[in-house]
Amino acid sequence: MAAFLPISLPASRYAAHQAALDTAITEVLRSGQFILGRQTEAFEREFAAFLNAAHAVGVGNGTDALEIALRTCGVGPGDAVVTVSHTAVATVAAIERAGATPVFTDIDAATFTMDPDALWETISAYQSHPPTAERARLKAVIPVHLYGHPADMQTIVTIARGFGLSVIEDCAQSHGASLLGKMTGTWGDMAAFSFYPTKNLGGFGDGGAVVTNDPVLAEKARLLREYGWRTRQISSTPGFNSRLDEIQAAMLRVLLPHLNEENACRRAVAKSYDTGLARSGVALPALQRDCLHVFHQYVIRVAARDSLRVHLEAEGVPTQIHYPVPLHLQPAYARRGFIGSHGLPRSEAAAREVISLPISPWMETSQVQYVCEALSRWAPQQQPG
Ligand SMILES: *Cc1c(COP(=O)(O)O)cnc(C)c1O
């Protein structure tokens with residue numbers, strides 16, 4: 001049997017595109033321009049075109065992208081933002097950085113993304129509480145396209161509009177994913193992308209982008225990312241510093257044309273897992289109708305998750321848990337956000353049962369088989385018959 005031999009995703013990515021990346025870096029070094037120059041402008045144009053969006057604004061990282069999008073949509077102190085608890089800490093860190101309070105709603109058990117019915121109930125419950133001086137006003141909703149599966153944007157946007165809320169998509173895990181042929185990142189008012197090295201489109205350092213079709217919002221985001229400068233040294237509005245650098249932008253320009261084909265490789269790996277694990281007794285990832293999934297993660301569910309993890313580790317298969325503790329139960333955020341009376345049972349169950357198997361565009365069929373066989377040596381004890 002082939003050894004599993006895990007290689008880090010960024011290392012595989014560099015190996016796959018080494019010559020072009022080396023050239024791109026050298027060109028930037030020779031250009032003498034390192035921040036917000038020609039490469040960033042070109043990447044912003046190309047990334048917006050890829051998404052079929054009007055504007056992309058390069059920023060320092062994905063968390064900043066969320067914060068800038070929130071602030072651009074007018075979210076600040078005294079405001080509240082509805083999001084999910086089963087997500088990366090970054091989603092809620094950005095809400096708090098913007099000065100706002102998180103309101104948590106539950107996920108759909110099959111896709112792990114925001115459940116529209118729960119969203120409606122959460123907003124209704126929140127609004128029905130008598131308003132108080134210190135009670136934050138709901139301003140926005142952040143659905144997360146977790147693991148690369150699009151959230152149910154048609155319904156979420158309709159509900160949010162009905163309550164007069166902005167929609168900001170967290171696309172840190174969904175570069176190239178679409179719903180009804182329309183890219184994630186173009187359904188809401190704004191979207192935030194991360195180019196952290198392990199993402200589907202990842203650089204070799206930090207990076208992010210804010211995306212929108214609205215020219216006014218795009219201009220506001222551009223001002224926020226650099227001291228509110230329309231003209232250098234003159235702040236027309238208070239801003240800060242969160243910029244995409246030229247080397248990252250140049251490297252992302254090399255990678256972007258390969259994103260669709262690399263996402264297709266991820267789907268092929270996912271399909272091999274689906275086949276190889278069909279009789280294993282573990283719950284496989286769901287794929288909703290009209291969705292193009294980009295499998296940032298391949299996440300299975302199993303009640304005895306921790307025992308499976310130990311077993312796979314012993315077989316030489318590295319796994320990860322995305323995410324082990326829902327945000328509303330984390331020490332930093334417990335008792336800080338609003339939770340409806342139904343609680344967040346599906347988020348809490350997911351945190352207990354999810355386990356991410358290795359996946360990357362460069363994973364070989366033999367490696368997928370190795371994982372499936374390693375898992376099959378464990379599963380029968382859990383699922384008799
Ligand atoms: C990675 C990630 C972010 C944050 O991106 P950074 O670039 O690391 O700041 C935000 N949300 C989700 C869901 C993520 O996976």
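For the structure, check the block above.
Residues numbered from 1 in each chain as written. Predicted model: local features only at pLDDT ≥ 70, side-chain atom pairs only at ≥ 80, totals over all residues. Heavy atoms only, no water.

> Whenever I open this one, the overall build of the protein confuses me. Can you help?
Looking only at helices and strands, the protein has 14 helices and 15 strands in total. Whereas a compact globule of 385 residues would reach a radius of gyration of roughly 21 Å, the protein reaches 21 Å, a difference of no more than 12%. Once the C-alpha set of the protein is aligned to its principal axes, its extents read approximately 70 × 60 × 35 Å. Relative to its full complement of 385 residues, the protein shows a buried share of 55%. Taking as baseline every contact in the protein between residues at least 6 positions apart, the subset at least 24 positions apart corresponds to 72%. Entry remark: accessible area of the protein is about 16200 Å², with carbon and sulfur atoms responsible for 53%. Seen as two clouds, the 32 positive and the 36 negative side-chain charges of the protein have centres 3 Å apart. (Helix = DSSP H or I, 4+ residues; strand = E, 2+ residues; numbered from the N terminus. Rg over C-alpha atoms; globule rule 2.2 N^0.38 Å. Buried < 20%, exposed > 50% of the residue type's maximum accessible area, 1.4 Å probe, protein only. Contact = heavy atoms within 4.5 Å. Areas by Shrake-Rupley, 256 points an atom, 1.4 Å probe, with all protein chains shown as cover. Lys, Arg positive; Asp, Glu negative; His and termini not counted. Charge placed at Lys NZ, Arg CZ, Asp CG, Glu CD.)

> Is there a simple way to explain helix α11 (residues 305-314) in this structure?
An α-helix turns once per 3.6 residues; consequently, residues spaced three or four apart project the same way. Along α11, the residues classified as buried are Arg305, Leu308, His311 and Leu312. Buried residues of α11 fall within an arc of 125° about the axis and therefore sit on the same side. The exposed set on the far side of α11, more than 90 degrees from its buried face, consists of Asp306, Val310, Glu313 and Ala314. Backbone geometry just downstream of α11 places Gly316 in the positive-phi region, at approximately 85°. (Arc of directions from axis to C-beta.)

> Quick question: what am I supposed to make of the sheet that holds strand β5 (residues 166-170) here?
Either a parallel or an antiparallel arrangement is found when strands of a sheet pair, and the pairing is made through backbone hydrogen bonds. Taken together, the 8 strands give an open sheet; going across it, the order is β1-β9-β8-β5-β4-β2-β3-β14, and neighbouring strands pair in mixed fashion. The outermost strands of the open sheet, each flanked by one partner alone, are β1 (55-59) and β14 (338-339). In this structure, β5 lies alongside strand β8 (residues 190-194), joined through 3 bridges in parallel fashion. Within the sheet, the bridge partner assigned to Asp170 lies in β8 and is Ala192. The strands touched by helix α5 (residues 89-97) are β2 (79-84), β3 (101-105), β4 (137-142) and β5; relative to β3, the strand with the most contacts, the crossing angle is about 145°. (Pairing = 2+ DSSP bridges. Axes fitted to C-alpha atoms, helices over the stretch in contact; angles between N-to-C directions.)

> Explain unusual backbone geometry here, please?
A cis amide bond links His322 to the next residue, Tyr323, at an omega of 10°. By secondary structure assignment, the location of Tyr323 is in the loop between α11 and β14. For Tyr227, which is not glycine, the phi torsion reads 55° and is therefore positive. Note on placement: Tyr227 falls in the loop between α8 (215-225) and β10 (229-231). Of note in this structure, Asp290 is not a glycine but carries a positive phi near 65°. Topologically, Asp290 is positioned in the loop between α10 (259-276) and β12 (291-292).

> It is not clear to me how the packing of aromatic side chains should be interpreted in this structure. Could you clarify?
The final tally for this structure, using the stated rule, is 11 aromatic pairs. When the centroid spacing of 5.4 Å and the interplanar angle of 15° are considered together, the rings of Phe43 and Phe47 count as stacked. Of this pair, Phe43 and Phe47 both sit in helix α3 (residues 38-51), 4 residues apart, which is roughly one turn of that helix. Comparing Phe43 with Phe47, the two get one shared label, buried. Between Phe295 and Tyr298, the aromatic rings sit 6.0 Å apart at their centres with planes inclined by 25°, giving stacked as the arrangement. The burial state of Phe295 is the same as that of Tyr298; both residues are buried. Pairwise contacts between aromatic rings join Phe43, Phe47, Phe50, Phe193 and Phe195 into one cluster. Between Lys182 and the ring centre of Trp187, over which it is positioned, the NZ or CZ distance is 5.5 Å. (Phe/Tyr/Trp six-rings, centres within 6.5 Å; stacked < 30°, edge-to-face > 60°. Lys NZ or Arg CZ within 6 Å of the ring centre and 35° of its normal.)

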